[in-house]
Amino acid sequence: MCSFEKCWLNYACNEMSSKYAGIFKSIYSDFDGTVTGNTIAEIKEGFGIFFGKEPVLLEKQANMCDGIWLKQYEKSDNKAADEFEPGTEGYSIYYDGENQLIVVAASGENGVMYGVFELLRIIQSGRDICDINICHAPKMPIRMIDHWDNIMGDIERGYSGDSFFFKENEILFGDRTKAYARMMASIGINAITINNVNVHEVESYLITDRFLGMMKKYSDLFVSYGIKLYLSVNFASPMQIGGLGVCDPLDDGVIKWWNETSRHVYEVIPEFGGYLVKADSEGRPGPFTYGRTHADGANMLAKSVSPFGGNVVWRCFVYNCKQDWRDRKTDRARAAYDNFAGLDGQFDDNVILQIKNGPMDFQVREPVSPLFGAMKKTNMFLEVQAAQEYTGQQRHICYLVPMWKEILDFDTHASDRGCISEIVSGKAYGNRLCGMAAVTNTGDDANWTGHDFAAANLFGYGMLCFDTERSAQDIAAEWAACTFGIDKEIVDNVCRMLIMSWPAYEKYTSPLGIGWMVNPSDHYGPNVDGYEYDVWGTYHRADCKGVGIDRSAATGTGYAAQYNSPWRELYERVETTPEELLLFFHHISYDHVLSTKKTVIQHIYDTHFEGVEDVERMIGLWKALEGKIDAARFARVLERLTVQYESSKEWRDRINTYFYRMSGIADSKGRTIY
Ligand code: GCV
């Protein structure tokens, strides 16, 4: 038996199988190449299972019928959309009923492959082939996955086992690697960084001959699935592995070292994507040490890879992690904007700034980072976290696609096309290099993501990058059908569980935009004052009168003023701040009355009780599927739901108790609060 499962690629027969059994006998391809080879293998596997017989590859396309044609795109292949340009990765799919021919037409191999994966999902989720008439092209030019895998084999913030890339300073490569590349291609991923942004000593050598041979193998595999390999690099590599005394980006010796190193990397791996860099962040080295800017640092690296078509992805997660809790002016939320907004226009064309979705760090609720609305001449990635570091660590169900959609829909008001999705897809300012990056949630657990439901976040991330217009519900339904089967009750219940999970998690953990009430370092479980007097700049400022951080310009840290109008005015005032973010922007008294007519304290109590009840409902929905889901997966999910339930009660009781004792105000409903 395989040591890993197939997740949403678990092809299974359904009603369409008998309707089309034996029809699709052949494949013809206008393309050839390694991507096409993998695409044809996928058709053979999928169609073999769905329709009982693997189609045969034809050498000639003479009046083809009864098959599937991977066709070079022509205008006449656009049968669905008024205006459609497939670009290099888009495709059209349609069914020619007369000839019983499915056409997947694209301008390049990647487009054909993505089209075939969509076709297979359509069949797998029980939709009828004869209705297919699709033109799709990915919204995000670059759709990246970031691994936080360390070369020792552990994964930073990994909740599904160890790395399947690395073990004890060696590189792993095998069936699982191939299965992984295939899985990522199936959701449209076209860039993967395989090592952690925290680059320790040994990982620094990934760009040297010690490891480049294996990196080449990875790149070749990835290329055959339309994916570029990226590596996280240590900004201090010239010192760490080059023996230089400095890593100053303006130092001639440092520049020469990077130029030679990058040239060699590209000699070995001509298709290499480029570098991902975390600099001047949480103890990592960076240009600040030499009084240089992040543009100096990023451009120096970018120049070393630009002759070879490489990119530098530069993270904006730069903040002071040595704060004094008594200092009420320094605000971690301000940091990305303060450090980068003034550099707009100074980055080279092949630099992409990678900006976390919120100004803090992947909390269950944060405002959208104001940095997106401040830069018009810079390539940007929106960074999200599929790994559920602060959202239940894949022991809880927390479907993040609705959150990501809210972020993508947020209008920065930076221009007429100021929505995040327009900015990071390059539509707003015409950039070519932009997109999204997700910190992934995979590991070497048999089901890849620990919690089976966590795979919905990975799948959903890929789907959303491809098509930001798709609804979270639609994505959930497709994932459920492809993963567990097309039975209506299964799809309905799984979708309901997914859709209610983010609001539920928010309810039993984090009221009105306050985050960070977690256990320090492992970030799991409640600890209201865990970070309160610590150096990380993550405070809730609760006292006996109220809770929240004043981030207004008038009396607080001034963070609200980092937004464009009208957000800066809306966030500035208590009355106009969206309530779900009230405590993020303001220090509010417990008896402040919300639009629901409840006081803040009563809202805290009520939501914490409701959150637990939501988890009980999720358990009921799952239990109703017993017998319909295979026993192993049913039990696995139930076990995690039980853990979630216990944890949600702990959250409820600790948060409610803390605020009851702090405020002295009783629950109006008289429930048990300790
Ligand atoms: C990879 C948070 C996490 C760290 C992570 C960091 C980052 O601080 O807790 O584990 O480091 O974000 O995004 O760089």
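Residue numbers here run from 1 along each chain, matching the order of that chain's written sequence. Reporting of local features is limited, given that this is a predicted model, to residues whose pLDDT is at least 70; pairs of side-chain atoms are given and counted only at 80 or more, and all residues count toward the totals for whole chains, interfaces and linings. By convention in this description, side-chain values take in all heavy atoms of the structure and omit both hydrogens and water.

Draft legend 1. Structural view of the overall build of the protein. In DSSP terms, a helix is any run of H or I states spanning at least four residues, a strand is any run of E spanning at least two, and both are numbered starting from the N terminus. Helix and strand counts for the protein stand at 18 helices and 18 strands. When we talk radius of gyration, it's over C-alpha atoms, and the globule rule is simply 2.2 Å times the number of residues to the 0.38. Taken against the 2.2 N^0.38 rule, which gives 26 Å for 674 residues, the C-alpha radius of gyration of the protein at 26 Å falls within 12% of a compact globule. Viewed in the frame of its principal axes, the protein has a C-alpha envelope of about 80 × 65 × 50 Å. Surface exposure here means Shrake-Rupley accessible area, sampled with a 1.4 Å probe, where a residue is shielded only by the protein chains that are shown. Element-wise, carbon and sulfur atoms account for 50% of the exposed surface of the protein, whose accessible area totals about 24,600 Å². Only four residue types enter the charge count: Lys and Arg as positive, Asp and Glu as negative, with His and the chain ends excluded. Taken as the charge location is NZ of Lys, CZ of Arg, CG of Asp or CD of Glu. With 67 positive and 93 negative side-chain charges, the protein shows a spacing of 2 Å between the two charge centroids.

Draft legend 2. Summary view of the packing of aromatic side chains. Only the six-membered ring of Trp is used, alongside the rings of Phe and Tyr, when aromatic pairs are assigned; centres must lie within 6.5 Å, and planes under 30 degrees apart are stacked while those over 60 apart are edge-to-face, with the rest tilted. Following the criterion strictly, the structure yields 52 aromatic pairs and no others. Arranged with centres 5.3 Å apart and planes meeting at 80 degrees, the rings of F173 and Y218 form a pair that is edge-to-face. Of the two residues, F173 is situated in the loop between β9 (170–171) and α4 (175–186) and Y218 in helix α5 (residues 209–223); the sequence distance between them amounts to 45 residues. Relative accessibility decides the category of a residue: with a 1.4 Å probe and only protein chains considered, values under 20% of the type maximum give buried, values over 50% give exposed, and everything between is partly exposed. Residue classification places Y218 among the buried residues on the basis of a relative accessible area of 0%.

Draft legend 3. Molecular detail of the sheet that holds strand β10 (residues 191–193). Any two strands with at least two DSSP bridges between them are considered paired. If you walk around this closed barrel you meet the 8 strands as β7-β10-β11-β12-β13-β14-β15-β16, and the pairing is parallel. On average, each strand axis in the sheet is tilted by 25 degrees relative to the strand beside it, whichever way the strands run. Pairing between strand β7 (residues 142–146) and strand β16 (residues 435–439): 5 bridges, direction parallel. For R143, the partnering residue across the bridge sits in β16 and is M436. Note on contacts: a residue pair is in contact if any heavy atoms of the two residues lie within 4.5 Å. For every element, the axis is a line fit to its C-alpha atoms; helices are fit only across the contacting stretch, and the angle between N-to-C directions ranges from 0 to 180 degrees. Packing against the sheet, α5 makes contact with β10 and β11 (228–233), and its axis sits at approximately 140 degrees to β11.

Draft legend 4. Representation of the nonpolar core within the structure. Joining through side-chain atoms within 4.5 Å is the link that ties buried Ala, Val, Leu, Ile, Met, Phe, Trp, Tyr and Cys residues into a set, and such a set is a nonpolar core. In this structure, W8, Y275, W314, W479 and W622 are the most contacted members of the largest nonpolar core, which totals 217 residues. Here this core takes 11 residues from helix α17 (residues 600–623), the largest share from any one element. The next biggest cluster of nonpolar side chains, apart from the first, holds 10 residues, and it includes M64, F84, Y94 and L101.

Draft legend 5. Here's a closer look at the pairing of strand β12 (residues 274–277). Relative to β12, β11 runs parallel, the two sharing 4 bridges. Counterpart to L231 in the pairing with β12 is Y275. In this view, the connection linking β12 to its parallel neighbour strand β13 (residues 311–315) by way of helix α8 (residues 294–305) has right-handed handedness. The handedness of a crossover follows from its direction of travel: if, with the strands pointing away from the viewer, the path from the first strand over the helix to the second runs clockwise, the crossover is right-handed.

Draft legend 6. Seen up close, the packing of α4 against α5. Running from N to C, α4 and α5 cross one another at 40 degrees; their axes reach a closest spacing of 9 Å. Classified by the angle their axes make, α4 and α5 are oblique. Here α4 runs over α5; the crossing is right-handed. Across from T177, K178 and A181 in α4, the residues of α5 making contact are Y218, L221 and F222. Class assignment for the residues of the contact of α4 with α5 results in 4 nonpolar, 1 polar and 1 charged. Throughout this description, any angle smaller than 35 degrees is read as roughly parallel, any larger than 145 degrees as roughly antiparallel, any in the 65 to 115 degree range as roughly perpendicular, and the remainder as oblique. Crossing handedness follows the turn of the near helix against the far one: under a right angle anticlockwise gives a left-handed crossing, and clockwise gives a right-handed one. Polar here means any residue other than Ala, Val, Leu, Ile, Met, Phe, Trp, Tyr, Cys and Pro, which are nonpolar, and Asp, Glu, Lys and Arg, which are charged; Gly is therefore polar.

Draft legend 7. The arrangement of α4 in detail. Residue count minus one, scaled by 1.5 Å, sets the expected span of a helix. With 12 residues, α4 extends 16 Å between its outermost C-alpha atoms, agreeing within 8% with the 16 Å of an ideal straight helix rising 1.5 Å per residue. Across the 12 residues that make up α4, a large majority, 10, are buried. By the burial criterion, the buried members of α4 are R176, T177, A179, Y180, A181, R182, M183, M184, A185 and S186. If you follow the buried residues of α4, they end up packed against α2 (34–51), α3 (109–124), β7, β10, α5 and α12 (455–466). Looking one or two residues past α4, G188 carries a phi angle of roughly 85 degrees, positive in sign.

Draft legend 8. Up close: the sheet that holds strand β3 (residues 67–72). Spatial ordering of the open sheet is given by β2-β1-β3-β5-β4-β6, a layout of 6 strands whose pairing is mixed. Edge positions in the sheet fall to β2 (56–57) and β6 (133–136), since each has one partner strand and no second. Relative to β3, strand β1 (residues 26–29) runs parallel, the two being bridged by 4 bridges. Paired with I27 across the bridge in β3 is I68.

Draft legend 9. The arrangement of the pattern of salt bridges in detail. The working definition used for a salt bridge is a side-chain nitrogen of Lys or Arg within 4 Å of a carboxyl oxygen of Asp or Glu. Inspection of the entire model under this criterion finds 47 salt bridges. Note that R617 is salt-bridged to D614, the shortest N-O span being 2.7 Å. One end of the pair, R617, and the other, D614, are both in helix α17, 3 residues apart, so they sit about a helical turn from each other. Among the residues examined, R617 registers a relative accessible area of 47% and is labelled partly exposed. One salt-bridge network, in which partners are shared between bridges, spans R121, R127, R470, D474 and E478.

Draft legend 10. Summary view of the environment of F288. If you trace the backbone, F288 turns up in the loop between β12 and α8. Apart from residues no more than four positions distant in its own chain, F288 is found in contact with D280, H294, V318 and N339.

Draft legend 11. Main features of the site of the ligand. If even one non-hydrogen atom of a residue comes within 4 Å of a molecule or strand, that residue is called near it. Taken together, 14 residues are adjacent to the ligand, and E156, K278, R315, K356 and E389 come closest. We call two N or O atoms a polar contact when they sit within 3.5 Å, provided that within protein one can donate a hydrogen and the other can accept it, with sequence-adjacent residues counted only if both atoms are side-chain atoms. The side chain of D361 places a nitrogen or oxygen atom 3.2 Å from an oxygen atom of the ligand. Protein contact buries 97% of the 340 Å² of open area that the ligand shows by itself. The class makeup of the residues in the shell around the ligand is 3 nonpolar, 3 polar and 8 charged.

Draft legend 12. Structural view of unusual backbone geometry. Here the amide bond leading from S565 into P566 is cis, since omega sits at 0 degrees, within 30 degrees of zero. On the secondary structure map, P566 appears in the loop between β17 (546–547) and α15 (567–572). One non-glycine residue with positive phi stands out, namely H413, at about 60 degrees. On the basis of relative accessibility, which here comes to 36%, the residue H413 falls in the partly exposed class.

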